[in-house]
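Results of the structural survey
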Amino acid sequence: MSQFWRPGSERPRTRLIDDDEGGVLFVPAPPSSSSSSGFGHSSLERQRKRLPVYKHRDAVLYLVEHHSTTIVVGETGSGKTTQIPQYLKEAGWAEGGRVIACTQPRRLAVQSVAARVAEEMGVKLGEEVGYTIRFEDVTNPGVTMIKFLTDGVLVREMMDDPLLTKYSIIMVDEAHERSLSTDMLLGLLKKIQRRRPDLRIIISSATIEAKSMSNFFNIRRKSLAQDAEDCAPNKQPAILSVEGKGYAVEIHYVEEPVSDYLQAAVDTVLLIHEKEPPGDILVFLTGQDDIDAAVKLLTGHGQQYGSHYSDLLVLPLYSGLPRGEQDLIFTPTPKGKRKVVISTNIAETSLTLEGVAYVVDSGFSKQRFYNPISDIENLVVVPISKASARQRAGRAGRVQPGKCYRLYTEEYYLKEMSPEGIPEMQRSNLVSCIIQLKALGIDNILGFDWIASPAPEAMIRALEILYSLGIIDEDAKLTSPTGFQVAEIPLDPMISKMILSANDFGCTEEIITIAAVLSVQSIWVSIRGVKKEFDEAKLRFAAAEGDHVTFLNIYRGFLQSGKSSQWCYKNFINYHAMKKVVDIKEQLHNLMRRLGIAVKSCDRDMQAVRKAIIAGFFAHACHLEEYSQNGMYKTIRSSQEVYIHPSSVLFRVNPKWVVYHSLVSTDKHYMRNVIAIDPSWLTEAAPHFYQLRQPNPIPY
Ligand code: ADP
Ligand code: MG
């Protein structure tokens, strides 16, 4: 049993209030006199002490010591993510080889905060402070004391260590985002807590329904584990609110709705730059495409209009951004310049940028949406919630009074914007989630302790797909070996199934290459004004079968070039992405070895490769319905209209039958990464799925 309420044995000198629901609320504390034992250089040390959370250092440690669960609510930038794990380490929670975990929903945030904390502690990243994201483990077991990781990775770790025994404390950060993995994790942690009274949980976020989170974790009935009497921590969650030091933010709305938020955002940036005093600008757009477009428009302006606009330092921010460019975001703005960061939702709460005085809010974000009726999941641009809008505005008031320009009307904000977002759990395809829970021994998925229950339609759809993939049986249990093997592979279940089937077709070598390519964002570099050269480069590798086979050609070319960056540059291929592909492929190789699967090559038998792809992706089959330059297809499953994405080598080729990897939706549904198939392969691969009009009812 852990016992290290270190800074003195008394309660901290802050006022504790028992609120009516039984939780404990801390009111803002007077400046605390406790000292931190961190090393690091002094200016960083001074910065640490200036953060709002520092005043609550003792309170955090006291609550964590005495309560199983502590909920910390505090404005973005108050120091929750970077400081609390350090306080815990300083208080001894990482002694005896145990580890303090801090989860984030986003990979980029994991890398960025881990790097920051390592810097503050004056240690090399990957030693005392490390991080793990899928396919990238930068930790040193036995040495790493503070580990940042995605919530998804932590759920995966439970497969090997169901009680997460190596962790003394798990901090579930950014809980308000309610990512699918966060929700799974919260339910699972609640279960673990019953068996491990020594485990402490911290739930932290910027805006949270602290009460509902507290109710969720409030286990009133006696713990099933042996009561350790006096030493046992209080089961009632404590709530700590860290007041921010935000300045007032003046909100400006547009008078008329804008038709093109991208252009409106660019115009607003230029207007701010012209009229407003110094201060950086943070622009919220939706994804890499529109961010790149806005960067291009703004830098174009710089060149076109000369000196005044050349003061603008325009930087994109989205996940998948190379490390070097990420670092630029955090470096102080050079004198005489104005930084303009154009970001996805990631800057809403996960990352704090210093020096922002102006926020431009498009009112949109990209979100995953799954429609169980059409069985289509894609990333769509949707209006944000009021909660998000407030968060975004708050980014402007960190260092001085700020201004937020909302590219929507006040009436829209007041009358139409929904108060809160929908948890990802309720708008996702649940296939992966179900496999993971089943692999953890939770068979009754609907009966699982969800913080918000998933939609039954989505659940039924997922079970149906899993059944047709041979991953679960008639009793909805994981099949052996396929189901259990799929659960072991940290990829989308359709990809995992494709990999396992490749064994039957003798093409595992090719298929894991394809799987590795599909795991990186894009292996092409984004094109700016060189469309023709880009298309020519692509033609050099294009395979008649489609994109997946094209990837094999590119991979072969890359190896033959000796993994040359020059070669990549010449062919418009993203060198970093290719290095990552090589790395992921090696990890998949190791995984195959662990699963006892021999990795064989089929040489040039591309029919084998396509059949293996279909074994995983038969549910994504489409038929050409309308011949035209870019023909209209319909999904076999639900007759949805879809089109081949212009980035595909099969764009305008219009094969009769195709299978796609994923969809993106803008004006239409576009299929990305497409291969041509023979329809007879579909019934061969999935007789249940394609021959019965009514799918088998599946128990769940
Ligand atoms: P919270 O989790 O409460 O939003 P953080 O712990 O992420 O706050 O950040 C606290 C402060 O640390 C920020 O206000 C910022 O000043 C600083 N900070 C965090 N990450 C970085 C970084 N990568 N570079 C420079 N400063 C950073
Ligand atoms: Mg944070």
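Conventions used here
- Residues numbered from 1 in each chain as written.
- Chains lettered and ligands numbered in written order.
- Predicted model: local features only at pLDDT ≥ 70, side-chain atom pairs only at ≥ 80, totals over all residues.
- Heavy atoms only, no water.
- Helix = DSSP H or I, 4+ residues; strand = E, 2+ residues; numbered from the N terminus.
- Buried < 20%, exposed > 50% of the residue type's maximum accessible area, 1.4 Å probe, protein only.
- Contact = heavy atoms within 4.5 Å.
- Areas by Shrake-Rupley, 256 points an atom, 1.4 Å probe, with all protein chains shown as cover.
- Core = buried A, V, L, I, M, F, W, Y, C linked by side-chain atoms within 4.5 Å.
- Expected span 1.5 Å × (residues − 1).
- Phe/Tyr/Trp six-rings, centres within 6.5 Å; stacked < 30°, edge-to-face > 60°.
- Lys NZ or Arg CZ within 6 Å of the ring centre and 35° of its normal.
- Near = heavy atom within 4 Å.
- Polar contact = N/O pair within 3.5 Å; in protein donor to acceptor, adjacent residues only side chain to side chain.
- Pairing = 2+ DSSP bridges.

Quick look at the overall build of the protein now. Counting secondary structure elements, the protein contains 26 helices and 23 strands. Within the protein, buried positions represent 56% of all 700 residues. Residue pairs in contact within the protein that sit at least 24 positions apart in sequence constitute 72% of those at least 6 positions apart. Only carbon and sulfur atoms are counted for the fraction: they give 50% of the accessible area of the protein, which is about 30000 Å².

Another aspect to go through is the nonpolar core. Counting 118 residues, the largest nonpolar core has Ile170, Leu437, Ile511, Ile523 and Phe618 as its most contacted members. Broken down by element, this core gets its largest block of residues, 9 residues, from helix H23 (residues 575-595). Not counting chain neighbours up to four residues away, the residues in contact with Ile170 comprise Ala101, Leu154, Leu164, Leu189, Leu199, Arg200, Ile201 and Ile202. Core analysis: the second largest hydrophobic core is formed by 45 residues, Val266, Val314, Leu351 and Ala393 among them.

So, about helix H16 (residues 456-468). The end-to-end C-alpha distance of H16 is 18 Å, a good match for the 18 Å that 13 residues give at a rise of 1.5 Å each. The buried count for H16 comes to 10 of 13 residues, which makes it a mostly enclosed element. For H16, the set of buried residues is Ala458, Met459, Arg461, Ala462, Leu463, Glu464, Ile465, Leu466, Tyr467 and Ser468. Directly after H16, the chain includes Gly470, whose backbone phi takes a positive value near 75°.

Turning to the packing of aromatic side chains, a few remarks are in order. Going through the model one piece at a time under the given rule, you end up with 12 aromatic pairs. Taken together, a centroid distance of 6.0 Å and an interplanar angle of 65° make the contact between Tyr408 and Tyr412 edge-to-face. Given a relative accessible area of 6%, Tyr408 falls into the buried group. On the basis of relative accessible area, Tyr412 is assigned to the partly exposed category, the value being 23%. A ring pair is formed by Phe558 and Tyr575, whose centres lie 6.4 Å apart and whose planes are at 65°; its orientation type is edge-to-face. Taken as a pair, Phe558 in helix H21 (residues 547-560) and Tyr575 in helix H23 lie far apart in primary sequence, 17 residues in all. A residue is classified by how much of its surface remains accessible, and Phe558, at 0% relative accessible area, is buried. Three or more aromatic residues joined by ring pairs form one cluster here, namely Tyr253, Tyr408, Tyr412 and Tyr413. In this structure, Arg406 packs its charged tip against the face of Tyr413, placed 4.5 Å from the ring centre. Above the face of the Trp524 ring, Lys538 is positioned so that its terminal group lies 5.4 Å from the ring centre.

Near ligand 1 you find 14 residues, and of these Gly77, Thr81, Thr82, Glu354 and Arg398 are the closest. The backbone of Gly79 places a nitrogen or oxygen atom 2.9 Å from an oxygen atom of ligand 1. Between ligand 1 and Thr82 there is a distance of 2.6 Å, counted from an oxygen atom to a side-chain nitrogen or oxygen. It is helix H3 (residues 80-90) that provides the largest number of residues to the shell around ligand 1, a total of 3 residues.

Inspection of the secondary structure assignment puts Asp183 in helix H6 (residues 180-195). When neighbours within four sequence positions are excluded, Asp183 is seen to be in contact with Arg178, Pro423, Met425 and Ile451.

Moving on: the side chain of Ser68. Following the sequence through the fold, Ser68 ends up in the loop between helix H2 (57-66) and strand E3 (69-74). Classification of Ser68 by relative accessible area gives buried; the value is 5%.

What follows covers the pairing of strand E10 (residues 238-242). In terms of burial, E10 is a largely internal element, 4 of the 5 residues being buried. Where E3 meets E10, 5 bridges bridge the pair, whose relative direction is parallel. Its bridge partner lying in E10, Gly74 is registered against Val242.

Let us now look at the environment of Ala294. Among the structural elements, Ala294 can be located in helix H9 (residues 288-305). Separated by 22 residues in the primary sequence, Ala294 and Pro316 place their C-alpha atoms 8.9 Å from one another. Ignoring anything within four residues of it in the chain, the contact list for Ala294 reads Leu262, Val266, Leu285 and Ile342.

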